[in-house]
Amino acid sequence: MTARSGEFDLIARHFAPIAQKSKAALSLLDDAALLTPPAGHEIVITVDALVADVHFRNQDDPTDIARKVLRVNLSDLAAMGARPLGVVLTAGYNRNLSEDWIAAFARGLGQDCDAFNAPLLGGDTVATPGPTFFSLTAFGAVPTGRAMRRDAAKSGDVIAVTGTLGDAALGLKVLQGGLTDLNEADKAFLSSRYLVPQPRMDVGMKCAAGNARYAAMDISDGLTGDCRKICTASDVGMVFDRESIPLSDATANAVRDNPVLWESVLGGGDDYELLICAKRADIDALGRDVTIIGEVTDQSGQVYLRDADNKMAELAKGGFDHFGF
């Protein structure tokens, strides 16, 4: 186990090399970065905090933790149609962590910063006697006036999602020792979906590139809770078709054998897929990775789930609660 260096040595050894990819970072030699927005664009700014054993498991691979820290913020940029410009990271490491752990974290962060063209611009590093935590702020650029917002949904729109839902919530159950009847391939797939989210940058930027009206957000706390945020902002209601909700093969296998797991599919967190409302033709233009799952209504705040027999029931409020102690 490698002994840990002081703050400035840690930054110089593990994080300054990542920051060399952007002139805006000034090689981390100053207290701030200089970021110039592209002409004709607005800046999108988002921040998320992740705490050990709340948003990630303390025993998870630090490389995967770093990827999650970055990607949950990139998902917020995607939900507004922005492309990344850079990120700043505040890291609070439990004082008992080794430098090997921090080096692995930095390695994962650097790899993902390169993969998503989201350079590290700066941040802060501290030691703490409490749980390890991270707060990452991401900066993005979107063409002026084209940012997708939650208040843009209209009655008559269709509702669509990217990817598949429920994988991450079931993946967490697998990592906690549950869903033992699933085969090993399904367990591995679901676990990976929890550990390493996939921000839908291409779909978000495609929405912002044209002239169509889209309302969107990312599904971080579960469909049942997050959909109501659009309903509140846009003063609309929603009806979802359960049979249209896209499931991976692994999740479909799980809910077929145990239908109560639908509660996790609908209300579990960490999907980081996009929830998009727009005219049907504009949703169709987004491609095959986007699935229509319902429609927007004029019944403000009313959210219903329609089953295969066309019976409707009010969709219970739920979703991951960051203050659910």
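Up top is the structure.
Note that the structure is a prediction, hence the values are computed from the model and not measured. (Residues numbered from 1 in each chain as written. Predicted model: local features only at pLDDT ≥ 70, side-chain atom pairs only at ≥ 80, totals over all residues. Heavy atoms only, no water.)

Participant: Is there a simple way to explain helix α6 (residues 201-209) in this structure?
Facilitator: One full turn of an α-helix is made of 3.6 residues, so residues set three or four places apart face in the same direction. M201, V203, G204, C207 and A208 are the residues of α6 that are buried. Buried residues belonging to α6 abut α2 (62-79), β2 (83-94), β4 (133-143), β5 (158-162), β8 (273-278) and β9 (290-297). (Buried < 20%, exposed > 50% of the residue type's maximum accessible area, 1.4 Å probe, protein only. Helix = DSSP H or I, 4+ residues; strand = E, 2+ residues; numbered from the N terminus. Contact = heavy atoms within 4.5 Å.)

Participant: Before we go on, may I ask you to explain the environment of E184 in this structure?
Facilitator: Structurally, E184 is set in helix α5 (residues 184-195). Separated by 73 residues in the primary sequence, E184 and D257 have C-alpha atoms spaced 16 Å apart.

Participant: Please explain empty space enclosed by the protein as it appears in this structure.
Facilitator: Any empty space left between atoms is shown by rolling a water-sized probe over those atoms. For the coordinates displayed, the defined rule picks out 1 cavity of 30 Å³ or more. Roughly 40 Å³ of volume is contained in the largest cavity. In terms of lining, the largest cavity is formed by F56, D60, D64, I65, K68, Y194 and L195. Contributions of two or more residues to the lining of the largest cavity are made by α2 and α5. (1 Å grid on protein atoms, 1.4 Å probe; cavity = no way out; pocket = protein on both sides within 12 Å on 5 of 7 lines; lining within 4 Å. Points joined across faces, edges and corners; volume = space filled by probe spheres on them.)

Participant: Hey, could you run me through the packing of aromatic side chains in this one?
Facilitator: Describing an aromatic ring pair means giving the distance of the ring centres and the angle of the ring planes. Using the criterion set out here, one finds 6 aromatic pairs in the structure. Consider the rings of W101 and F105, whose centres lie 6.0 Å apart with planes at 10°: the pair is stacked. Note that W101 and F105 are positioned in helix α3 (residues 99-115) at a spacing of 4 residues, about one turn of the helix. Across the pair, exposure class does not vary: W101 and F105 are buried alike. (Phe/Tyr/Trp six-rings, centres within 6.5 Å; stacked < 30°, edge-to-face > 60°.)

Participant: Honestly, the sheet that holds β9 in this entry has me stumped. Any pointers?
Facilitator: Pairing between the strands of a sheet comes from backbone hydrogen bonds, and it takes one of two forms, parallel or antiparallel. Taken together, the 7 strands give an open sheet; going across it, the order is β6-β8-β5-β9-β7-β10-β11, and neighbouring strands pair in mixed fashion. Since the sheet does not close on itself, it has two edges, and those belong to β6 (215-219) and β11 (312-314), each with one partner. The mean inter-strand angle of the sheet, taken between neighbouring strand axes irrespective of direction, is 25°. Relative to β9, β5 runs antiparallel, the two sharing 5 bridges. By the bridge assignment, T162 is partnered in β9 with V290. Of the strands in this sheet, β6 and β8 touch α2, which is tilted by about 165° from β6. Each of β5, β8 and β9 is contacted by α6, which is oriented at about 25° to β8, the strand it contacts most. (Pairing = 2+ DSSP bridges. Axes fitted to C-alpha atoms, helices over the stretch in contact; angles between N-to-C directions.)

Participant: What exactly am I supposed to notice about unusual backbone geometry here?
Facilitator: For residues that are not glycine, phi is negative in most cases, and the peptide bond is trans in most cases. One non-glycine residue, D53, adopts positive backbone phi at about 65°. With respect to the helices and strands, D53 occurs in the loop between β1 (41-51) and α2. Positioned with a positive phi, Y272 is a non-glycine residue whose angle comes to about 55°. For Y272, the position within the fold is in the loop between α9 (262-267) and β8.

Participant: What should I look at first to understand the environment of V87 in this one?
Facilitator: Summarising the element assignment, V87 is placed in strand β2. For V87 and L74, which are 13 residues apart along the polypeptide, the C-alpha to C-alpha distance reads 9.4 Å. Excluding its chain neighbours within four sequence positions, the residues that come into contact with V87 are L70, C113, A118, P119, L120, L121, G122, L136, T137 and A138.

Participant: Which parts of the structure should I look at to understand the state of the cysteines?
Facilitator: By definition, a disulfide links the sulfur atoms of two cysteine residues through a covalent bond. For the structure on display, the rule yields 0 disulfides. Distance from the sulfur of C227, which forms no disulfide, to the nearest cysteine sulfur (C231) is 5.3 Å. (Disulfide = S-S within 2.5 Å.)

Participant: I would appreciate a short explanation of α3 in the present structure.
Facilitator: With 17 residues, α3 extends 24 Å from end C-alpha to end C-alpha; this agrees with the ideal 24 Å at 1.5 Å per step. Of all 17 residues making up α3, 12 are buried, and the element is well covered by its neighbours. Buried within α3 we find E99, W101, I102, A103, A104, F105, A106, G108, L109, G110, D112 and C113. Backbone geometry just downstream of α3 places N117 in the positive-phi region, at approximately 50°. (Expected span 1.5 Å × (residues − 1).)

Participant: Explanation requested: the sheet that holds β1 in the structure shown.
Facilitator: With mixed pairing, 4 strands are arranged side by side in an open sheet as β1-β4-β2-β3. Edge positions in the sheet fall to β1 and β3 (120-128), since each of these pairs with one other strand and no more. Taken over all neighbouring pairs, the strand axes of this sheet differ in orientation by 10° on average, direction set aside. The sheet contact formed by β2 and β3 spans 8 bridges and is parallel. Bridged to Y93 within β3 is A127. Each of β2, β3 and β4 touches α3; the most contacted strand, β2, lies at about 170° to it.

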